[in-house]
Amino acid sequence: MFNNYIKVVLRNISRNKLYSFLNIAGLAIGIACCILILLYVQDELSYDRFHENADRIYRVNSHFSIKDRVMNFATTAHVQGPLLKDEYPEVENYVRFNGYGSPRVIRYRDKRFTEEKFLWVDHTVFDVFSFKLLKGNPKQALKEPNTVVITEEMAKKYFGPEDPVDKKLRIHNDTYYTVTGVVQDIPANSYFQPDFMASFSSLKLKPSGNVSSDLVSNVDYYTYLLLREGTGYKDLEEKFAGFVDKYLTDLLKALGGSVRFELQPLTRIYLHSDRQLELERTGDISYIYLFSGIGLFILLLACLNFMNLSTARSANRAKEVGLRKVMGARRSQLIRQFLGESLILTLFSIVIALILVYALLPTFNNISGKELTTGYFSNPYLLIGLTGLFLFAGLLGGSYPAFFLSAFRPVSVLQGKLKKGAKGSLLRIILVSLQFTVSIVLIIGIVIINKQLNFVHNQKLGYDKDQVIALRVRNEETQKKIEVVKNELLRHPDITHVSASSSLPLGRNSFTAHHVVGKPKDELIMLYSQIVDEDFLDTYKMKLLQGRNFSKDYSTDPGESIIINEAAAKRLGWIDNALGKEIEIFMSINSMKKYKIVGVVKDYHFQSLHEKIQPLVLYNANPHGGNYYRLSIRSKSKNIQAILSFIESKWREFDSKYPFEYVFLDDQYESLYRTEERLGQLFGYFTALAIIIGCLGLFGLSTFSAEQRTKEIGIRKVVGATIPNVILLLVREFTKWVFLAVFIAWPLGYFIMNKWLQNFAYRTKLGFDTFLLSALLALLIALLTVTYQAAKTALANPVDSLKYE
């Protein structure tokens, strides 16, 4: 009996090849998109959940507030972990990290590489985190100074088939570290992935004896706590107020500010952290919501398309239903048949969708930066999701014909009274309008994302980033003779400027407390700071608004003079008269150093466009003092390779100890917006697929509409209607649905994209042209899709249309 049921269902599907193909194709594309997005979202949500104690691990974050300046850091001082463990029995253990992301030269025999994924960690790291040690003792591996644990990948890279344990690596400053263990490669869904974990005791850090000063000095360490079972982290966090009162009361009075320490669950760091000095680049929960919304939009679009075509096809099956009911078929049998057809079509769609996912996964990984594999298909959550998709799409798509058609009265059907039901027509109008609404919202989204990316790429930064090569200066001896290096490089005719600085314009700058001379001592302000030489402004073509640049003619500039930016002048209330004013930098609780303002530089972006330009102070340092870690070289030549060869050869003369490392400044700037670039690409592809789904449905509906109006068109042509008149008649029916969708989609698109743009302090405008373009594109797509079938119908011979009447 079941076999006969399947045969009937398959026979009915095969009778309507066009509609079946359009249904399967549209739904398969929609489900494939949804699966890819589901895999992406699942991967993002899985970060750091593989740790056995993931729900008990918390990071200590620092919240500083001084006057009107609020700072939220992902870091603490190095004394924070030990103090919290001693103060609170709820803390079972702690581990501290430091040094991640700072490139280090690592050598073994004749092998030498620059590594960035290097961490100093406490020996308790294996008690807190679930990193699997393949070789070595997890309790002892990192207890002694100058010991290091490396990953499997690094073991193969440096030692090949040799056993790395007890071998020595020479790291950075010629210190030898003994390899005491090999850890399994860190999973890709860990928000930090060190290749080297060196013993924290190697840093030889000791408390100064002044706890207050220690807690706010060098806040550059990541502290993770393992709480005891049953501890409520919010309850413990509330107790930290007493910790602040105990150790920081006097210091906070001097600073005129407040400090708060907060606990952040490990599993929420990757997607929910908006802290400064984050250990690793994190994700963004808003993108999860965005992609989830896109996935649901596309799936909804595919299901609406599926349902729409099913309802359209149902009108041609009304007589079939009537005859079957006359022959004794019960309504329940008809419902099972229609739902069965819909579910089988859905099953075919899922199979094709899985094939599409398998084929598209490499491209998707390349665009998204993920490493998703087909192994995810065995995930129970994905299987549950696919089962849900199967039931949702199948039952929704078959619901209207199943429950509406099966309720037809046989007499009415066979008399032809229900062939053009108003209810079915109204439902199709609603569904088509919803389809176009989704498509228009996606078009608005991709246009706005691309406009913002163009805005970012073309925004005036306040400095010229083109034709600048930046070198990293690691060798302390090279830093001390930086002037000699600069003069040697300037001997090349195509090198116009060379400057030294503590960081690049887009580098990590210091953030310190300052005091305005003449104001009360407790009135401190927080300013970013950077050390630059006298050639820095000229190299980057920055503009001075007031005063002068640093100069070798003024021997007191290093250590006494500063230049501030416009934002700092505004913040200090000196927008027109900053020159000659004095400010002091906070060195310690009882120590301040005075500087005089000699210039005001036009604001430039030293952070990404997500952030507003903040107050900044430029200091000048002694060229022999070793404070210059970056060298910026501007050239006028198009032959970059020749320039690089010259620079490298000169560099080798001064520093053969460290590798030659360089970056093009424009590349560094572009890397800041890689996430948005990927978002734009993914959004573009998904929008294109959504439009394809909509076109498939629209093509099917236009075909159905033409079939339904064949006799009408034949009569119109007999009484004198021209071909353009007929085409316009058919096209007009669909264009009015597009206009309805436009008025629904515009406010929805505005709300969504305006919210996304709030992530940028500097952003493009949501102009009317964007929304007009989305409407015109949707209308053009609809016209191109419908016109083919309209023209085909209009060109048909009216005799063929009317010969059976």
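Conventions and cut-offs
- Residues numbered from 1 in each chain as written.
- Predicted model: local features only at pLDDT ≥ 70, side-chain atom pairs only at ≥ 80, totals over all residues.
- Heavy atoms only, no water.
- Salt bridge = Lys/Arg side-chain N within 4 Å of Asp/Glu carboxyl O.
- Helix = DSSP H or I, 4+ residues; strand = E, 2+ residues; numbered from the N terminus.
- Phe/Tyr/Trp six-rings, centres within 6.5 Å; stacked < 30°, edge-to-face > 60°.
- Buried < 20%, exposed > 50% of the residue type's maximum accessible area, 1.4 Å probe, protein only.
- Core = buried A, V, L, I, M, F, W, Y, C linked by side-chain atoms within 4.5 Å.
- Contact = heavy atoms within 4.5 Å.
- Expected span 1.5 Å × (residues − 1).
- Bend = angle between axes of the 7 residues up to and from the residue.
- Pairing = 2+ DSSP bridges.
- pLDDT = per-residue confidence, 0-100.
- Disulfide = S-S within 2.5 Å.
- Patch = residues over 30% accessible without salt bridge, like charges linked within 9 Å, V, L, I, M, F, W, Y side chains within 5 Å.
- Areas by Shrake-Rupley, 256 points an atom, 1.4 Å probe, with all protein chains shown as cover.
- Polar contact = N/O pair within 3.5 Å; in protein donor to acceptor, adjacent residues only side chain to side chain.
- Axes fitted to C-alpha atoms, helices over the stretch in contact; angles between N-to-C directions.
- Parallel < 35°, antiparallel > 145°, perpendicular 65-115°, else oblique.
- Left-handed = near helix turned anticlockwise from the far one by under 90°.
- Nonpolar A, V, L, I, M, F, W, Y, C, P; charged D, E, K, R; others polar.
- Lys, Arg positive; Asp, Glu negative; His and termini not counted.
- Charge placed at Lys NZ, Arg CZ, Asp CG, Glu CD.

1. With respect to the pattern of salt bridges
Part 1 of the reasoning: Here the structure, examined in full by the defined rule, presents 29 salt bridges.
Part 2 of the reasoning: For Asp127, the salt bridge identified is with Lys139, shortest N-O distance 2.8 Å. One end of the pair, Asp127, is in helix H4 (residues 125-128); the other, Lys139, is in the loop between strand E7 (133-135) and strand E8 (147-151), with twelve residues separating them in the sequence.
Part 3 of the reasoning: Among the salt bridges present, the one from Lys451 reaches Asp769, with a minimum N-O distance of 3.9 Å. In this pair, Lys451 sits in helix H14 (residues 422-458) while Asp769 sits in helix H25 (residues 768-794), placing the two residues 318 residues apart along the sequence.
Part 4 of the reasoning: Through salt bridges that share partners, Glu483, Lys486, Asp533, Glu534, Asp535 and Lys552 make up one connected network.

2. Description of the packing of aromatic side chains
Part 1 of the reasoning: Evaluated as defined, the whole model comprises 34 aromatic pairs.
Part 2 of the reasoning: Centroid distance Tyr463 to Tyr604: 6.0 Å. Interplanar angle 90°. Geometry classified as edge-to-face. With Tyr463 in the loop between H14 and strand E14 (468-472) and Tyr604 in the loop between strand E21 (591-601) and strand E22 (616-620), this pair connects stretches of sequence that are 141 residues apart.
Part 3 of the reasoning: The class of Tyr463 is buried, set by a relative accessible area of 9%.

3. Comments concerning the nonpolar core
Part 1 of the reasoning: Counting 142 residues, the largest nonpolar core has Phe97, Val125, Phe129 and Tyr224 as the members making the most contacts within it.
Part 2 of the reasoning: With 15 residues, helix H2 (residues 17-45) is the single largest residue contributor to this core.
Part 3 of the reasoning: Within the second largest apolar cluster, 27 residues are counted, among which are Leu83, Val91, Leu225 and Tyr247.

4. As for helix H16 (residues 482-489)
The periodicity of an α-helix, 3.6 residues per turn, causes residues three or four positions apart to be oriented the same way.
Part 1 of the reasoning: With respect to burial, H16 is a largely interior element, six of its eight residues being buried.
Part 2 of the reasoning: Here H16 has its buried residues at Ile482, Glu483, Val485, Lys486, Glu488 and Leu489.
Part 3 of the reasoning: Against helix H15 (476-480), strand E15 (495-501), strand E23 (630-635) and helix H20 (640-654) lie the buried residues of H16.

5. Focus on helix H24 (residues 723-757)
Part 1 of the reasoning: Its 35 residues place the ends of H24 48 Å apart at the C-alpha level, agreeing with the 51 Å of an ideal helix rising 1.5 Å per residue.
Part 2 of the reasoning: Along H24, the largest kink reaches about 30° and is centred on Arg732.

6. Some points on the side chain of Asn189
Part 1 of the reasoning: You can see Asn189 is positioned in the loop between strand E10 (175-183) and strand E11 (196-199).
Part 2 of the reasoning: Apart from the residues lying within four places of it in its own chain, the contact partners of Asn189 are Ser46, Tyr47, Asp48 and Phe50.

7. Some points on the pairing of strand E9 (residues 168-171)
Part 1 of the reasoning: Residues Leu169 and Ile171 point to one face of E9 and are all buried, whereas Lys168 and Arg170, pointing to the other face, are not buried.
Part 2 of the reasoning: Relative to E9, strand E4 (residues 104-108) runs antiparallel, the two sharing two bridges. Directly across from Arg107, in E9, lies its bridge partner Arg170.
Part 3 of the reasoning: Bridge count for E9 against E10 is four bridges, and the pairing is antiparallel. Across the sheet, residue Leu169 finds its bridge partner in E10, namely Tyr177.

8. Points about the environment of Phe760
Part 1 of the reasoning: By secondary structure assignment, the location of Phe760 is in the loop between H24 and H25.
Part 2 of the reasoning: By relative accessible area, Phe760 is classed as buried at 2%.
Part 3 of the reasoning: In sequence terms Phe760 and Glu611 are 149 residues apart; their C-alpha atoms lie 6.7 Å from each other.
Part 4 of the reasoning: With near-sequence residues (within four places) excluded, Phe760 lies in contact with Gln452, Val456, Leu609, His610, Tyr673 and Glu676.

9. A word on the confidence of the model for the protein
Part 1 of the reasoning: Chain-level pLDDT for the protein is 80 on average; 84% of the residues reach the 70-or-more range.
Part 2 of the reasoning: Ranking the helices and strands of the protein by mean pLDDT puts E8 first, with 94, and helix H1 (residues 2-15) last, with 55.
Part 3 of the reasoning: Note on residues 419-424: pLDDT is under 50 here. Beyond four places in sequence and across chains, it has six contacts.

10. Some remarks on the state of the cysteines
Part 1 of the reasoning: With the rule as written, the count across this model stands at zero disulfides.
Part 2 of the reasoning: Unpaired in terms of disulfides, Cys33 finds its nearest cysteine sulfur in Cys34, a separation of 8.4 Å.
Part 3 of the reasoning: A residue is classified by how much of its surface remains accessible, and Cys33, at 1% relative accessible area, is buried.

11. So, a nonpolar patch on the surface
Part 1 of the reasoning: On the surface, a nonpolar cluster with roughly 360 Å² of combined accessible area is contributed by Leu773, Leu777, Leu780 and Leu784.
Part 2 of the reasoning: Relative to the assigned elements, Leu784 resides in helix H25.
Part 3 of the reasoning: Judged by its relative accessible area of 61%, Leu784 is exposed.

12. Description of the side chain of Gln264
Part 1 of the reasoning: Within the secondary structure, Gln264 sits in strand E13 (residues 257-265).
Part 2 of the reasoning: Side-chain polar atoms of Gln264 contact the side chain of Asn61, separated by 2.9 Å.
Part 3 of the reasoning: Ignoring any residue separated from it by four or fewer positions in sequence, one finds Gln264 in contact with Ile57, Tyr58, Arg59, Asn61, Ile269, His272 and Ser273.

13. Remarks on unusual backbone geometry
Part 1 of the reasoning: Positioned with a positive phi, Gln467 is a non-glycine residue whose angle comes to about 60°.
Part 2 of the reasoning: Assignment of secondary structure puts Gln467 in the loop between H14 and E14.
Part 3 of the reasoning: Look at Gln467 and you get partly exposed, because its relative accessible area is 30%.
Part 4 of the reasoning: Here the phi dihedral of Lys541 falls at roughly 55°; this positive angle occurs in a residue that is not glycine.
Part 5 of the reasoning: Positionally, Lys541 belongs in the loop between helix H17 (536-539) and strand E18 (544-547).

14. Section: the packing of H16 against H20
Part 1 of the reasoning: Across the interface, H16 lies against H20 with an axial gap of 10 Å and an inter-helix angle of 150°. Here H20 runs roughly antiparallel to H16, going by the angle between their axes. As H16 packs across H20, the resulting crossing turns out to be right-handed. Between H16 and H20, the contacting residues are Val484, Val485, Glu488 and Leu489 on the first element and Phe646, Ile647, Lys650, Trp651 and Phe654 on the second.
Part 2 of the reasoning: Residue composition of the contact of H16 with H20, by class: seven nonpolar, no polar and two charged.

15. Some words on the environment of Glu44
Part 1 of the reasoning: Tracing the chain through its elements places Glu44 in helix H2.
Part 2 of the reasoning: Overall, the relative accessible area of 4% leaves Glu44 in the buried class.
Part 3 of the reasoning: For the pair Glu44 and Gly283, spaced 239 residues apart in sequence, the C-alpha separation works out to 7.6 Å.
Part 4 of the reasoning: What Glu44 contacts, discounting residues up to four positions off in sequence, is Tyr270, Leu271, Gly283, Ile288 and Lys370.

16. Points about a positive patch on the surface
Part 1 of the reasoning: A surface patch of like charges, here positive, comprises Lys460, Lys543, Lys570 and Lys602.
Part 2 of the reasoning: Position of Lys460 relative to the elements: it lies in the loop between H14 and E14.
Part 3 of the reasoning: What makes Lys460 exposed here is its relative accessible area of 76%.

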